[in-house]
Amino acid sequence: MAEENSPIVSPSAQPVEAELQAVGADIQPTVEEPPVTDIADAQPAAEAPVIREAQPTAEAAAQPISKAEPAAAVSAPSESTLVVHHLNNSRSQRILWLLEELEIPYSIKKYERTPTMVAPKELKDVHPLGKSPVITDGDLTIAESGAIVEYIIAKYAKGRCQPPDSGFVDNLYFSHYAEGTIMPVLFNKLIFTLIPARAPFLIRPVARVICAGVTKTLVEPQLRTNGEMIEKHLEKTNGGWFAGGDVPTAADFMMLFPMEAIVKRAPDCLGEKSKAYVEMIHARPAYKRALEKGGRYEFA
Ligand SMILES: N[C@@H](CCC(=O)N[C@@H](CS)C(=O)NCC(=O)O)C(=O)O
């Protein structure tokens, strides 16, 4: 895909602040600064999706998971070993939503972004990259939201959150696509918004013009192409879950965050079905509980 050849893809695993320091930019926050909530490591684009015909209805999508399968046989909260290391305004909202859907006991340890919007250094005590989400479960520490979602579903969902056979590949594809392709595009958008705001004062107007040009000619077209693909897929699932079944699966827990970010940051790049999908999830009691527990979150 286009990203592979794009000069704007950042391969760095560093936080935005470090990246900007590396290019000699002033990293003091300014009033123009958007929240750094969609930091992603830029990755090569994923393969084209295999989109299959799937038949769920939006009505089915509104069903609580516990109706589809018996609730997980997990004991009282006090006995839970699962801790979500949660950074405000971040992808770890995905994990809270998943846990609330499954009604699994867990506790949250909260971390607040610093004034420069990166994660506080305490997160590095949990995992060397210092990013969120991270979970601990007994002796285990697991980072990377896709890995966390798969771990929780495999270990605690007791057969729930599974795609129908017909949606196996869609679930696989969109679970990986979320961090592998669409988040890097959003990251690029964020970077080109931040650079002018943090450039030395004298070159700021020039940086603004250059970055606006790159965003318009390179980043937004990619966002639009991705938005169209997502929309076409959701047309096939009739506005229901990504894997086409009656319950959300890993793909949904992964896809919501980038879709929320596009709704907020580039709404023109997402179609009506996609926006309705985000609203449908926002209306779910489990999602609302996750929001209450997680605290400040700009994308809902
Ligand atoms: N691909 C990783 C990305 C993790 C990530 O970049 N998290 C962001 C929050 S959305 C973060 O911790 N940012 C703070 C920082 O980079 O300092 C995942 O899906 O877990």
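Up top is the structure.
For clarity, every value in this text was computed on a predicted model and none was experimentally measured.

**Observations concerning the environment of Gly-130**
With respect to the helices and strands, the residue Gly-130 is situated in the loop between helix 6 (123–126) and strand 3 (134–137). Residue Gly-130 is classed as buried on the basis of its relative accessible area of 9%. It is 6.9 Å that separates the C-alpha atoms of Gly-130 and Ala-119, two residues lying 11 residues apart in sequence.

**Examining the packing of aromatic side chains**
Inspection of the entire model under this criterion finds 11 aromatic pairs. When the centroid spacing of 6.4 Å and the interplanar angle of 35 degrees are considered together, the rings of Trp-97 and Trp-241 count as tilted. Of this pair, Trp-97 sits in helix 5 (residues 92–102) while Trp-241 sits in the loop between helix 9 (204–236) and helix 10 (250–265); the two residues are 144 residues apart in sequence, bridging distant segments of the chain. The class for Trp-97 is buried, based on a relative accessible area of 1%. The exposure class of Trp-241 is buried, given its relative accessible area of 0%. With 4.3 Å between their ring centres and 55 degrees between their planes, Trp-97 and Phe-253 make a pair best called tilted. On the criterion of sequence distance, the pair formed by Trp-97 in helix 5 and Phe-253 in helix 10 is long-range, its members being 156 residues apart. The exposure classification of Trp-97 matches that of Phe-253, with both residues buried. Taken together, the aromatic side chains of Trp-97, Tyr-173, Phe-174, Tyr-177, Trp-241, Phe-242, Phe-253, Tyr-277 and Tyr-287 make up a single cluster linked through ring pairs.

**Here we look at the pattern of salt bridges**
Evaluation of the coordinates by the stated rule reveals 10 salt bridges. We note a salt bridge from Glu-122 to Lys-121, for which the minimum N-O separation is 3.4 Å. Put simply, Arg-265 and Glu-298 hold a salt bridge, and the shortest N to O gap is 3.6 Å. Pair noted here: Arg-265 is in helix 10 and Glu-298 is in the segment after helix 12 (285–294), with a separation of 33 residues, a long-range link. Taking the relative accessible area as the measure of exposure, Arg-265 reaches 31% and is therefore partly exposed. One salt-bridge network, held together by shared partners, links Arg-91, Arg-94 and Glu-179.

**Description of the nonpolar core**
Ranked by internal contacts, the top residues of the largest apolar core, which has 62 residues, are Trp-97, Ile-135, Ile-152, Phe-242, Met-259 and Tyr-277. Elements represented by at least two residues in this core include exactly strand 1 (82–87), helix 5, helix 7 (145–156), helix 8 (168–198), helix 9, helix 10, helix 11 (272–282) and helix 12. For this core, the element with the highest residue contribution is helix 10, accounting for 10 residues. Inspection of this core shows a minimum of three residues originating in each of domain 1 (10–45 + 165–288) and domain 2 (63–156). Apart from the residues within four sequence positions on either side, Trp-97 is in contact with Trp-241, Pro-248, Asp-252, Phe-253, Leu-256, Ile-281, Ala-286, Tyr-287 and Ala-290. Formed by 6 residues, the second largest nonpolar core is a distinct cluster that contains Leu-87, Tyr-111, Val-134 and Ala-143.

**Let's talk about the side chain of Ser-145**
Positionally, Ser-145 belongs in helix 7. Take Ser-145: its relative accessible area is 2%, and that puts it in the buried class. In terms of polar contacts, Ser-145 uses its side chain to reach the side chain of Arg-94, at 2.6 Å. Apart from residues no more than four positions distant in its own chain, Ser-145 is found in contact with Arg-91, Arg-94, Ile-95, Pro-133, Glu-179 and Met-254.

**Brief notes about the packing of helix 7 against helix 10**
Two elements in contact, helix 7 and helix 10, have axes whose closest approach is 10 Å; the angle formed by their N-to-C orientations is 150 degrees. The orientation of helix 7 with respect to helix 10, classified from their angle, is roughly antiparallel. Regarding helix 7 and helix 10, the two cross each other, and that crossing is right-handed. Residue-level contacts link Ser-145, Gly-146, Val-149 and Ile-153 of helix 7 to Ala-250, Phe-253 and Met-254 of helix 10.

**What about the sheet that holds strand 4 (residues 140–143)?**
Read across the sheet, 4 strands follow the order 2-1-3-4 without closing on themselves; strand pairing throughout is mixed. Edge positions in the open sheet fall to strand 2 (107–111) and strand 4, since each of these has one partner strand only. Across the sheet, the mean angle separating the axes of adjacent strands is 20 degrees when strand polarity is ignored. In this fold helix 5 packs onto strand 1, strand 2 and strand 3, with an angle of close to 145 degrees to the strand it touches most, strand 1.

What counts as what
- Residues numbered from 1 in each chain as written.
- Predicted model: local features only at pLDDT ≥ 70, side-chain atom pairs only at ≥ 80, totals over all residues.
- Heavy atoms only, no water.
- Helix = DSSP H or I, 4+ residues; strand = E, 2+ residues; numbered from the N terminus.
- Buried < 20%, exposed > 50% of the residue type's maximum accessible area, 1.4 Å probe, protein only.
- Phe/Tyr/Trp six-rings, centres within 6.5 Å; stacked < 30°, edge-to-face > 60°.
- Salt bridge = Lys/Arg side-chain N within 4 Å of Asp/Glu carboxyl O.
- Core = buried A, V, L, I, M, F, W, Y, C linked by side-chain atoms within 4.5 Å.
- Domains from an automatic or database assignment.
- Contact = heavy atoms within 4.5 Å.
- Polar contact = N/O pair within 3.5 Å; in protein donor to acceptor, adjacent residues only side chain to side chain.
- Axes fitted to C-alpha atoms, helices over the stretch in contact; angles between N-to-C directions.
- Parallel < 35°, antiparallel > 145°, perpendicular 65-115°, else oblique.
- Left-handed = near helix turned anticlockwise from the far one by under 90°.
- Pairing = 2+ DSSP bridges.

Read these as spatial facts, not as claims about activity.
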